[in-house]
Amino acid sequence: MNWLNGKHQTTNTFLLYFCALWKVATGIAVSISLLSATLVWSQPVPGSLDVHWNEGASDCKATPQPPLQVHAYEPQTFILRQNPCASFEANFLYLLVGSDKALLIDTGAVEDPKEMPLAKTILELLPDKDHKKLPLLVAHTHRHMDHRAGDPQFASLPSVEIVPIDLEGVKAFFRFTNWPNEIAHLDLGGRTVDVIPTPGHNATHVAFYDSRTGILFSGDFLLPGRLLIEDAGAYRESSLRVVDFLKTRPLTHILGAHIELNIAGRAYQFGSHYHPNEHRLELAREDLTALPAAFEKFNGFYARHPNYILTNPTRNLVALAIIAVAVLILIVWAVRRLLRRRRQRG
Ligand SMILES: [Zn+2]
Ligand SMILES: [Zn+2]
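The rules we used
Residues numbered from 1 in each chain as written. Chains lettered and ligands numbered in written order. Predicted model: local features only at pLDDT ≥ 70, side-chain atom pairs only at ≥ 80, totals over all residues. Heavy atoms only, no water. Disulfide = S-S within 2.5 Å. Helix = DSSP H or I, 4+ residues; strand = E, 2+ residues; numbered from the N terminus. Buried < 20%, exposed > 50% of the residue type's maximum accessible area, 1.4 Å probe, protein only. Phe/Tyr/Trp six-rings, centres within 6.5 Å; stacked < 30°, edge-to-face > 60°. Lys NZ or Arg CZ within 6 Å of the ring centre and 35° of its normal. Arc of directions from axis to C-beta. Contact = heavy atoms within 4.5 Å. Core = buried A, V, L, I, M, F, W, Y, C linked by side-chain atoms within 4.5 Å. Donors = N, O, S within 2.8 Å, 3.2 Å for Na, K, Ca; no water. Tetrahedral: all angles 85-135°; square planar, octahedral: opposite > 155°, others 65-115°.

Participant: How do you make sense of the state of the cysteines when you look at a structure like this?
Facilitator: A covalent bond between the sulfur atoms of two cysteines is referred to as a disulfide. Within the structure shown, the criterion is met by one disulfide. Two residues, Cys60 and Cys85, share a disulfide whose sulfurs are 1.9 Å apart. Around the S-S axis, the bridge from Cys60 to Cys85 shows a dihedral of about -80° and counts as left-handed. In this pair, Cys60 is assigned in the loop between helix H1 (2-42) and strand S1 (68-74) and Cys85 in the loop between strand S2 (77-82) and strand S3 (92-97), connecting sequence segments 25 residues apart. When its relative accessible area of 22% is taken as the criterion, Cys60 is described as partly exposed.

Participant: Just to check I follow, could you spell out unusual backbone geometry for this structure?
Facilitator: Trans is the common state for peptide bonds, and a negative phi is the common state for residues other than glycine. Cis peptide bonds are those with omega within 30 degrees of zero, and the linkage from Trp179 to Pro180 qualifies with -5°. Its location among the elements puts Pro180 in the loop between helix H4 (167-174) and strand S9 (184-187). A positive phi angle is found at Asp106, which is not glycine, with a value near 75°.

Participant: Sorry, what's going on with the packing of aromatic side chains here?
Facilitator: Each aromatic ring pair is summarised here by two numbers: the centre-to-centre distance and the angle between the ring planes. For the structure shown, the criterion picks out 11 aromatic pairs. Both rings, one in Tyr94 and one in Phe217, keep their centres 4.7 Å apart while their planes meet at 50°; by these two values the pair is tilted. A residue pair is termed long-range when its members are at least 10 positions apart, and Tyr94 in strand S3 and Phe217 in strand S12 (residues 215-219) qualify at 123 residues. Ring geometry for Tyr209 against Phe245: centres 5.8 Å apart, planes inclined by 80°, an arrangement best described as edge-to-face. With Tyr209 in strand S11 (residues 206-210) and Phe245 in helix H5 (residues 232-246), this residue pair connects regions lying 36 residues apart in the sequence. The class of Phe245 is buried, set by a relative accessible area of 8%. Put simply, the rings of Phe173, Phe174, Phe176, Trp179 and Phe208 touch in pairs and so form one group of aromatic residues. Its guanidinium or amino end placed over the ring of Phe245, Arg249 lies 3.8 Å from that ring's centre, counting from NZ or CZ.

Participant: So what exactly am I meant to see when it comes to H4 here?
Facilitator: Owing to its 3.6 residues per turn, the α-helix brings residues three or four apart onto one side. Those residues of H4 that fall on the buried side of the exposure criterion are Gly169, Val170 and Phe174. Looking straight down H4, one finds that the buried residues subtend no more than 110° of arc, so they occupy a single side. Structural note: H4 exposes Glu168 and Ala172 on the side pointing more than 90 degrees away from its buried face. The inward-facing, buried residues of H4 contact strand S7 (136-139), S9, strand S10 (192-197) and S11. One or two residues past the end of H4 sits Arg175, with phi positive at roughly 60°.

Participant: Would you mind going over the nonpolar core with me for this structure?
Facilitator: Soluble globular proteins tend to bury their nonpolar side chains together. Ranked by size, the top nonpolar core spans 28 residues in total, and within it Ile79, Tyr94, Leu103, Phe174 and Phe208 carry the most contacts. Element by element, the count of residues in this core is highest for S3, at three residues. When sequence neighbours within four positions are dropped, the list of residues in contact with Ile79 reads Leu49, Trp53, Gln69, Val70, His71, Tyr73, Phe92, Leu93, Tyr94, Leu255 and Leu281. Counting residues in hydrophobic clusters, the runner-up holds 25 residues, among them Leu223, Ile254, Phe295 and Phe298.

Participant: Looking at this structure, how should I read the coordination of the zinc ion (ligand 1)?
Facilitator: Under perfect tetrahedral coordination by four donors, a metal shows angles of 109.5 degrees; under perfect octahedral coordination by six donors, it shows angles of 90 or 180 degrees. Here the zinc ion (ligand 1) is held by the protein donor atoms His142 (NE2), His144 (ND1), His201 (NE2) and Asp220 (OD), which lie 2.1 to 2.4 Å from it. Geometry at the zinc ion (ligand 1) is irregular, judged from the four donor atoms that bind it and their angles of 92 to 170° at the metal. Here the zinc ion (ligand 1) and the zinc ion (ligand 2) are spaced 3.6 Å apart, with Asp220 acting as a shared donor. With His144 in the loop between S7 and helix H3 (152-155) and His201 in the loop between S10 and S11, this residue pair connects regions lying 57 residues apart in the sequence. Classification of His144 as partly exposed rests on a relative accessible area of 25%. When its relative accessible area of 4% is taken as the criterion, His201 is described as buried.

Structure (structure tokens):
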């Protein structure tokens, strides 16, 4: 009996050990499979930026241009470029297609559908769902007119929702309760887009991070051109916020709303309809991570960096006005002195 009890005990202990080992082994297996599934899920869908953007013309009347260029980065992500001849702003707009809805980031600088058939083009790109066009959300990186002039083209379309342009409207729509220290999320169906407050260029500015492609759509916050500063403190905070947010996430490209530099890094003249030898559209993580330090060293007026220029247009204008007034005072003083001398000689 004792022997039997002993054998029973040994068998029970063995079974207990076996069960425990089995549980640990299955636990590890489940964790590994979940981890690998997450890794697979978090791998961005690859896309192509092998495209030559339409550069406008030195004489737009002599060489008529198609108003809008459409490039499929991948089957569910489209980049649209407004021709520099249609508007010197030559905005880039982005269409992101999910399984439940699509997101259009910015509507560009041209309102007239005859000059810029934006809504028509977007509707053609939208897939059908339940025998209808996929619902569309129109959002903006910020309220400047060159990012929302095309809004009226979408106003009367069915299944289209337009995010308001004022700060209160933006906060309410994305349900921000702690602006700008909070990230909002949009679910397009199988595709999450994070909305990151990025005030500094403009108080309403947001950037969009797309989980599917790993692209940051940065609007006027970061682009190969002039970073026009309205509030340097807020801009620096925004750059830190974006750097921090992307620290643990894959980042394939940073795509802004304009190209204002050529490949040599020189800015086109403001208002130019011709962009020969354009700088590439996409910026990289290094350009973003260099931004907070660039703001720390910023002299408040103008600073050149390899792929962008920091500039405060209001301050530069005030400085120019002060210089102009000083020069004017100097001229008046010199003329009066000259006249007085002549009178004394006479
Ligand atoms: Zn702007
Ligand atoms: Zn802009």
